[in-house]
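Each chain, letter by letter, is given below.
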Amino acid sequence: MKLLLGPLLGIESDTVYTVCFVTPLDCDVAALQLSNGDVINASVITTMYYGKFWRAEIELTAPAQGIVIDYSIQTTSEQLIEDHNNRKAWSFYVPAKNEQPECIYTSCNGFSSPDLINKTSDPYLLWKRIKATHEPRINSVRNNIPVIDAPYSMMMMGGDQLYADSIWNDVAELKQWSAKSLQEKQAKKSSKVLQSQVAKFYEKLYFERWNQPDTSLMLASIPTVMMWDDHDIFDGWGSYPEEIQNWGVHKTIFAQAKYYFELFQIRSLKNKALFNTKAEHYALAFTFRENHILALDNRSQRSLKQVMSEQQWSEVVDYLKQTVNQGNLFILSAVPVVYRDFSVAESYVDTTPWEDELADDLKDHWRAKEHQGERARLIMNLLSNAKKRQQQSTLNKTVIFSGDVHVGCLGVITDKTDSPVTKVHQVVSSGIVHPAPSRLAWLGIVTSTNDRDEYLNEDNSIMAKMLAPIHSDKYIRSRNYVTVSTGTDKKLWINWQTENKDKPIYPIS
C-alpha cells in the first residue's frame, strides 16, 4: 500500500510530536512503529474525496543527550506502508533537554504563475540542500560519530506553503465564472458542484506539491510548525473590498482552502498548541527547549480594516503577559512588520478603482494605512514583553520571522526609552521555491517605495530600520531559506542559505 501524502511530521510542545498522513480509502487501521519499540495507533480525522487523513501523537520526554527516532507506518497485517516516493521508513532528531535547537525558517514554497516555473532551472534546489545538510547530521548522531552541527530540530514555515493561484484555470466552474460580468459574478451562488470541484482542487494540489521527492522527505524528517498566507487560498485573500470578499464563490473557495489548511498545515483541531479550537482563527503557541514559538494567523479573519480579530489579539496579548517570561521569543508573521514603506504607491492606488491589480498587494502590508494601528499595537506589545524578559536575562531575544516579499532582508525595532536598550529583530526569508523579483520588477519596487528609518513615537526614542546582513546587500534578491542556531558566544546566528554563492549572515546579540 502507498500513502497518498505524507508522512507529515509536526511539533506541538516540548514533548509532543505528531505524524499525519493520507492513505487510500480502503485502509482501515494504521499505526506508527518507533525505533524505541513503541507502537502508536493512528486515528482517522476525516475521510476526504481521495483518501483518509490520519493523525498519531508521539510523547517524547526531552533526553539527556540528543537522539534519533526512526519510524515507519504499518497496517493491521504489519505490512509497511510506502510513501509516494517508495520510502518505508523515516527519522527525526530529538534535541537534548539543555540543547538550543538548530532550526530552519522557510516561506513561499511554490510559483505564482506557470511562466515562473518554466524560467526556473531547478525549482526545488533549496529543498535538496536542506536534505544534503540534514541527513549526514542524522546519520552521525545515529552512529555516534562526533558532529559539529546538530540535525535540524524544527522547521518554521511562515506562509504560502502551497500557491493555489492556478485555481482560476484548473477549476472548470471558476474558469467559466471568471469570464462573467461583475454583476453576474456577484449573483452567482455556491453549489455542490462548485464545492466539490474546489475541494478536489486543493486536495490534489497538496498531493502534487508536497510529494516532491526532497520536499516530502524533509516534511517527514524535520518537525514543522506552519501558518498560512494568502497564496494558500489565492493571491490577495483578505485584502479585497468586503463586498467582493463576501461573494458566494469567494466564500466557497475560502471555506475549502481553510478546511485543507486545517488538516495539512495545522494537523487538525487536535493540535495542542492552538489558542482557539473553535477554528475562528489558527493562532498557536508552544515552548520548545525554552524558546517560545508564537504563530500569528493573519489570514483567517483578515479584511481591509483588520489583520487580526479582537479575539485573537486578546489571546495573543494574554499569552505574552502570562506565559512568555523568559527565554527567546520567535514570532511567525507571514507579512513583514518592518519593511519598505509603500505609502506613496498606496496613495496613488487609492485614487484609482479597486480593480487596480496592485491594490491587494499594497493593502496586504502591515504598513498599509488601515493596518498601522494594529502594527503599532503588535510592536508595543512585543517591546513590552522583551523588556520583561530582559530583566531575567539580557541573553533573551525577540525575533519576528516573515516571508511573502520574495527577497531576504533584516530589520530591527529599537526602543531607547529605558536602559538597557530593547530590541526586536525581524528576519525575512523568501522564498524557498518562488523566484526573486526580476531586476526590472525590483527597480520598480525601489523607485516607488523607501526604506528610510521610521520613528514610532513622538520623542523618536523608538525606531524601526532596515539593516544589511554581513556579506550581503541590504536586500537578498535570490531564493533562500534561513537557518537559526545559538553560538558558543550566546548570539543567535541567522544564516540565509541562498541559491547562489552569497552567504549572508547576521548575529543577533
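Going by an unreviewed UniProt entry, the protein carries the name Alkaline phosphatase D family protein and comes from Psychromonas aquatilis.

**Q** Can you walk me through the sheet that holds strand β4 (residues 39-41) in this structure?
**A** Within a beta sheet, neighbouring strands are joined by backbone hydrogen bonds and run either parallel or antiparallel to one another. As summarised here, the arrangement of the 4 strands in space is β4-β3-β7-β8, forming an open sheet in which the pairing is antiparallel. Each having just a single partner strand, β4 and β8 (90-94) make up the two edges of the open sheet. For this sheet, the mean angle separating the axes of adjacent strands, direction not counted, is 30°. Where strand β3 (residues 31-34) lies against β4, 3 bridges are found, and the strand directions are antiparallel. Bridging from a neighbouring strand, Q33 pairs with V39 of β4.

**Q** How should the packing of helix α2 (residues 125-142) against helix α7 (residues 213-221) be read in this particular structure?
**A** Relative placement of two packed helices is described by the angle separating their axes and the distance separating the axes. Two numbers describe how α2 lies on α7: the axes approach to 9 Å, and their chain directions differ by 45°. In terms of orientation, α2 lies oblique with respect to α7. Here α2 and α7 pass one another in a crossing that is left-handed. On α7, the residues touching W127, K128, I130, K131, H134 and E135 of α2 are D214, T215, L217, M218 and S221.

**Q** Explain the pairing of β8 here, please?
**A** On any regular strand, side chains alternate: one points to one face of the sheet, the next to the other face. By the criterion of burial, β8 is predominantly enclosed, with 5 of the 5 residues buried. Neither face of β8 is open: one carries W90, F92 and V94, the other S91 and Y93, and all of them are buried. By the bridge criterion, 5 bridges tie strand β7 (residues 67-74) to β8 in an arrangement that is antiparallel. Looking at β8, one finds that I67 is bridged to V94.

**Q** Looking at this structure, I do not really get the packing of helix α10 (residues 310-322) against helix α13 (residues 372-392). What am I missing?
**A** The N-to-C vectors of α10 and α13 enclose an angle of 15°; their axes lie 10 Å apart at closest approach. In this view, α10 runs roughly parallel relative to α13, as classed from their interaxial angle. Where α10 crosses over α13, the handedness of that crossing is left-handed. Contacts between α10 and α13 involve E310, W313, V317, L320 and K321 from the first element and E374, R377, L378, N381, L382, N385 and K388 from the second. Residues of the contact of α10 with α13, tallied by class, amount to 5 nonpolar, 2 polar and 5 charged.

**Q** What's the story with the packing of aromatic side chains in this structure? I'm lost.
**A** Each aromatic ring pair is characterised by the separation of its centres together with the angle its planes make. Here the structure, examined in full by the defined rule, presents 27 aromatic pairs. With a centroid separation of 5.0 Å and an interplanar angle of 70°, the aromatic rings of W168 and F234 are classed as edge-to-face. Remark: F234 occurs in the loop between β11 (224-226) and α8 (242-245) and W168 occurs in helix α3 (residues 167-170); sequence separation between them is 66 residues. Judged by centre distance (6.4 Å) and plane angle (70°), the ring pair of F207 and F264 falls under edge-to-face. A residue pair is termed long-range when its members are at least 10 positions apart, and F207 in helix α6 (residues 192-210) and F264 in helix α9 (residues 248-264) qualify at 57 residues. F264 shares its class with F207; the two are buried. Counting every residue linked through ring pairs, the aromatic cluster contains W168, W177, W228, F234, W237, Y240, W247, F254, F261 and Y282. When the ring centre of Y152 is taken as origin, the NZ or CZ atom of R137, which lies over that ring, is 4.8 Å away.

Cut-offs and rules
Residues numbered from 1 in each chain as written. Predicted model: local features only at pLDDT ≥ 70, side-chain atom pairs only at ≥ 80, totals over all residues. Heavy atoms only, no water. Pairing = 2+ DSSP bridges. Helix = DSSP H or I, 4+ residues; strand = E, 2+ residues; numbered from the N terminus. Axes fitted to C-alpha atoms, helices over the stretch in contact; angles between N-to-C directions. Parallel < 35°, antiparallel > 145°, perpendicular 65-115°, else oblique. Left-handed = near helix turned anticlockwise from the far one by under 90°. Contact = heavy atoms within 4.5 Å. Buried < 20%, exposed > 50% of the residue type's maximum accessible area, 1.4 Å probe, protein only. Nonpolar A, V, L, I, M, F, W, Y, C, P; charged D, E, K, R; others polar. Phe/Tyr/Trp six-rings, centres within 6.5 Å; stacked < 30°, edge-to-face > 60°. Lys NZ or Arg CZ within 6 Å of the ring centre and 35° of its normal.

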